[in-house]
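Observations on the model geometry
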Amino acid sequence: MPTVEVEGREVSYRAMTRKEVRVLKNKGLHPAKLTPDNSDDALDAILETVLSKDDLEALEDMPNHCALTVYRKILQETFGIVPKEEEKN
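I will try to describe carefully the structure that is included in this document. Please read these numbers as outputs of a predicted model, since none were measured by experiment. (Residues numbered from 1 in each chain as written. Predicted model: local features only at pLDDT ≥ 70, side-chain atom pairs only at ≥ 80, totals over all residues. Heavy atoms only, no water.)

**Some points on unusual backbone geometry**
The condition is simple: The way it works is that DSSP assigns letters per residue, a run of H or I at least four long becomes a helix, a run of E at least two long becomes a strand, and they are numbered from the N terminus. Accessibility here uses a 1.4 Å probe with only protein chains present; expressed as a share of the type maximum, an area under 20% marks a residue as buried, one over 50% as exposed, and anything in between as partly exposed.
In this structure, Glu7 takes a positive phi of about 50° despite not being glycine. In this fold, Glu7 is placed in the loop between strand S1 (3–6) and strand S2 (9–12). Residue classification places Glu7 among the exposed residues on the basis of a relative accessible area of 55%.

Dropping the structure here:
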């Protein structure tokens, strides 16, 4: 399982399953079609779906940008997105 370091803590994450993406989509929280009104709800739903309880609780006490870092990693893993810095190599 991949990890990302935020605030000195290794947070484990994984790709969402097709079923998990579909459930979010049916709730109006599809990660590819977010609006300013539902983006925080989608972020919370995705983190709650993917992360362990311990990692989720740890993120709650960190700056918001840490949650966004983990969220981006989950989306990259789920949708096969290659970060631009990796594309250059």
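**What to know about the nonpolar core**
Quick note on the threshold: Put simply, buried Ala, Val, Leu, Ile, Met, Phe, Trp, Tyr and Cys residues joined by side-chain atoms within 4.5 Å make one nonpolar core. Two residues qualify as a contact provided that any one of their heavy atoms is within 4.5 Å of a heavy atom in the partner residue.
Ranked by size, the top nonpolar core spans 25 residues in total, and within it Met16, Leu47, Leu51, Leu59, Val70 and Ile74 carry the most contacts. Of all the elements in the fold, those that place two or more residues in this core are S1, helix H1 (18–26), helix H2 (39–50), helix H3 (53–60) and helix H4 (64–79). Dropping the residues within four chain positions of it, Met16 is found in contact with Val21, Leu24, Pro31, Ile46, Val50, Ile74, Leu75 and Thr78.

**Regarding the pairing of S2**
Counted only if it meets this: Strands are treated as partners if at least two bridges between them are detected by DSSP.
Pairing between S1 and S2: 4 bridges, direction antiparallel. What sits directly across from Val4, in S2, is Val11. Two successive antiparallel strands, S1 and S2, enclose a turn made up of 2 residues, where Glu7 displays a positive phi of approximately 50°.

**Observations regarding the pattern of salt bridges**
This is how the line gets drawn: Salt bridge, as used here, is a side-chain nitrogen of Lys or Arg placed within 4 Å of a carboxyl oxygen of Asp or Glu.
On inspection of all chains with the given rule, the structure shows 2 salt bridges. Among the salt bridges present, the one from Asp55 reaches Arg9, with a minimum N-O distance of 2.9 Å. Of this pair, Asp55 sits in helix H3 while Arg9 sits in strand S2, and the two are 46 residues apart along the sequence. Given the relative accessible area of 7%, Asp55 is considered buried. Given the relative accessible area of 29%, Arg9 is considered partly exposed.

**Re a negative patch on the surface**
The line we're drawing: By definition, no residue in a patch forms a salt bridge, and every one has over 30% relative accessible area; like charges are joined within 9 Å, nonpolar side chains (Val, Leu, Ile, Met, Phe, Trp, Tyr) within 5 Å. Using the Shrake-Rupley algorithm and a 1.4 Å probe, accessible areas are obtained, with residue cover drawn only from the displayed protein chains. Counted as positive: Lys and Arg. Counted as negative: Asp and Glu, with His and the chain ends omitted from the count. Every charge is mapped onto a representative atom, which is NZ of Lys, CZ of Arg, CG of Asp or CD of Glu.
Taken together, the side chains of Asp40, Asp41, Asp44, Glu48, Asp54, Glu57, Glu60 and Asp61 present a region of like negative charge at the surface. Of all the elements, H2 adds the most residues to the negative patch, at 4 residues. With respect to the helices and strands, the residue Asp61 is situated in the loop between H3 and H4.

**Re H1**
How we decide: Taken from the helix axis, the directions to the C-beta atoms give the arc we talk about.
Buried within H1 we find Glu20, Val21 and Leu24. Projected down its long axis, H1 carries its buried residues within an arc of 100°, all on one side. Facing away from the buried surface of H1 by more than 90 degrees, the exposed residues are Arg18, Lys19 and Asn26. Buried residues along H1 sit against H2 and H4. One or two positions beyond H1, positive phi appears at Gly28, with a value near 80°.

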